[in-house]
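Below are the chains, spelled out letter by letter.
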Amino acid sequence: MLKARELRAVQNRTGKIRQDDVLLFCTFRNEDQRLPYFLQYYRDLGVDHFLMVDNDSDDGGQDFAAGQPDVSLWHTKAGYGASRYGVDWLTYLQDTYAHDHWALTVDVDEFFVYPFCDTRPIRALADWLDASQVRSFGALLLDMYPKGPVSAQPYLRGDDPFKIAAWFDTGNYVINRNGLLRNLWIQGGPRARMFFANKPRQAPALNKIPFVKWQRAYAYVSSTHMMLPRGLNLVYDQNGGEKTSGVLLHAKFIDTFSARASQEAARAEHYASGREYKSYEARHGADPDFWCEWSERYVNWRQLEGLGLMSKGNWA
């Protein structure tokens, strides 16, 4: 793959990967503040090895990640947009190291919640999916936010971001179906009502397929929103029944958001030349107050299941 030439190994510990290890793949840029909690959260879930691409950070995050004994790290100065927003880099690593492994693909501000995650490690979920002959697992990206302006409460390195961004929208979600690739397309939540009320079709997609029993023939088509082969996108419907699904708690909206929004609007490396970040600056500035009378404080996965945002399906 041509994109492999853009990657330089900083610390390759993939020789430690065992046959049944659960792997996590991630691209990051200037996320030193978030990395300690991110890595610990996924270690606590049972992730065995992290394969990460640093897109030319200058905040010390590369050195921190390289020093972690369960992290293999690559560096690139190449354009994020030109790599399909990091997908091409990670696809190369997945094809090289993840064949026949359960692979979790997330951003540094995304935190995987699945049924029984408070009592069962991610390996238990992988084993159950294997036994059920399920190859992919869907999750709703759930935007979390504080009560009051995003900048009002400082986030300290290593802290749990959901002690600050503890609220979410329980409704306000629209579901459509992509007939070509057979995936659901979900939009809504606080970003839709705050920034895209007059252009809802431009609101960010919230449907994700983050957890996959990886094979070299697989590929993400658009971020982790949809995949090929098309059958991997059938993560919600099964003969009219309810499939097991999860949530990605999205910790985007903490006090680092304002500076990041300005940087990414200027860099224009994200989807549609940074359209989402430009919308943040154009509407309400980059310091929104998402909280409203319908906001609900996050408790646990059972609360999310009760609200219909995820499901344990027939996993008992």
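As a reminder, the structure under discussion sits directly above these lines.
Note that the coordinates shown come from a computational prediction; the quantities given were computed from them, not determined experimentally.

Asks: Is there a simple way to think about the sheet that holds strand β5 (residues 102-105) in this case?
Replies: The strands making up a sheet associate through hydrogen bonds between their backbones, and the pairing can be parallel or antiparallel. With respect to topology, nine strands assemble into an open sheet ordered β1-β4-β3-β2-β5-β11-β7-β16-β6, the strand pairing being mixed. The open sheet is flanked by β1 (8-11) and β6 (110-113), the only strands paired with a single partner. With direction set aside, neighbouring strand axes in the sheet form an average angle of 25 degrees. Summarising the sheet, β5 and strand β11 (residues 207-213) pair through three bridges and their orientation is antiparallel. The residue of β11 that forms the bridge with A103 is V212. Its contacts with the sheet place helix α1 (residues 35-45) against β2 (23-28), β3 (49-54), β4 (71-75), β5 and β6, and it is angled at close to 15 degrees to β6.

Asks: Sorry if this is basic, but what is going on with the nonpolar core here?
Replies: Across soluble globular proteins, nonpolar side chains show a tendency to be buried alongside one another. In this structure, F38, Y42, M52, F112 and F211 are the most contacted members of the largest nonpolar core, which totals 82 residues. Among the elements that make up this core, the one with the highest residue count is α1 (seven residues). Here this core spans two domains, and each of domain 1 (1-108) and domain 2 (109-316) adds at least three residues to it. If we ignore the near neighbours within four places in the chain, the residues touching F112 are Y41, Y42, L45, L104, I122, L125, F137, A139, P210, F211, V247 and L248. In terms of nonpolar packing, the next biggest core, distinct from the first, is built from 12 residues, Y145, A192, F195 and F257 among them.

Asks: Hey, could you run me through helix α3 (residues 87-97) in this one?
Replies: Because each turn of an α-helix spans 3.6 residues, side chains separated by three or four positions end up pointing in the same direction. Of all 11 residues that make up α3, eight are buried, and the element is covered over most of its length. Listed as buried for α3 are V87, D88, W89, L90, T91, L93, Q94 and D95.

Asks: Can you help me understand the packing of aromatic side chains in this one?
Replies: The description of two aromatic rings rests on the distance between their centres and on the angle between their planes. This model, assessed by the stated rule, comprises 24 aromatic pairs. Here Y41 and Y42 contribute two aromatic rings whose centre-to-centre distance is 5.1 Å and whose plane-to-plane angle is 80 degrees, an arrangement assigned as edge-to-face. Given the relative accessible area of 16%, Y41 is considered buried. Both rings, one in W74 and one in Y97, keep their centres 5.8 Å apart while their planes meet at 40 degrees; by these two values the pair is tilted. In this pair, W74 is assigned in strand β4 and Y97 in helix α3, connecting sequence segments 23 residues apart. Feature note: the residues Y37, F38, Y41, Y42, F111 and F162 constitute an aromatic cluster, connected by ring pairs. We note R120 situated over the ring of W315; from NZ or CZ to the ring centre the distance is 4.9 Å. Looking at R157, its charged tip hangs above the ring of F64, at a distance of 4.8 Å from the centre.

The rules behind each value
Residues numbered from 1 in each chain as written. Predicted model: local features only at pLDDT ≥ 70, side-chain atom pairs only at ≥ 80, totals over all residues. Heavy atoms only, no water. Pairing = 2+ DSSP bridges. Helix = DSSP H or I, 4+ residues; strand = E, 2+ residues; numbered from the N terminus. Axes fitted to C-alpha atoms, helices over the stretch in contact; angles between N-to-C directions. Contact = heavy atoms within 4.5 Å. Core = buried A, V, L, I, M, F, W, Y, C linked by side-chain atoms within 4.5 Å. Buried < 20%, exposed > 50% of the residue type's maximum accessible area, 1.4 Å probe, protein only. Domains from an automatic or database assignment. Phe/Tyr/Trp six-rings, centres within 6.5 Å; stacked < 30°, edge-to-face > 60°. Lys NZ or Arg CZ within 6 Å of the ring centre and 35° of its normal.

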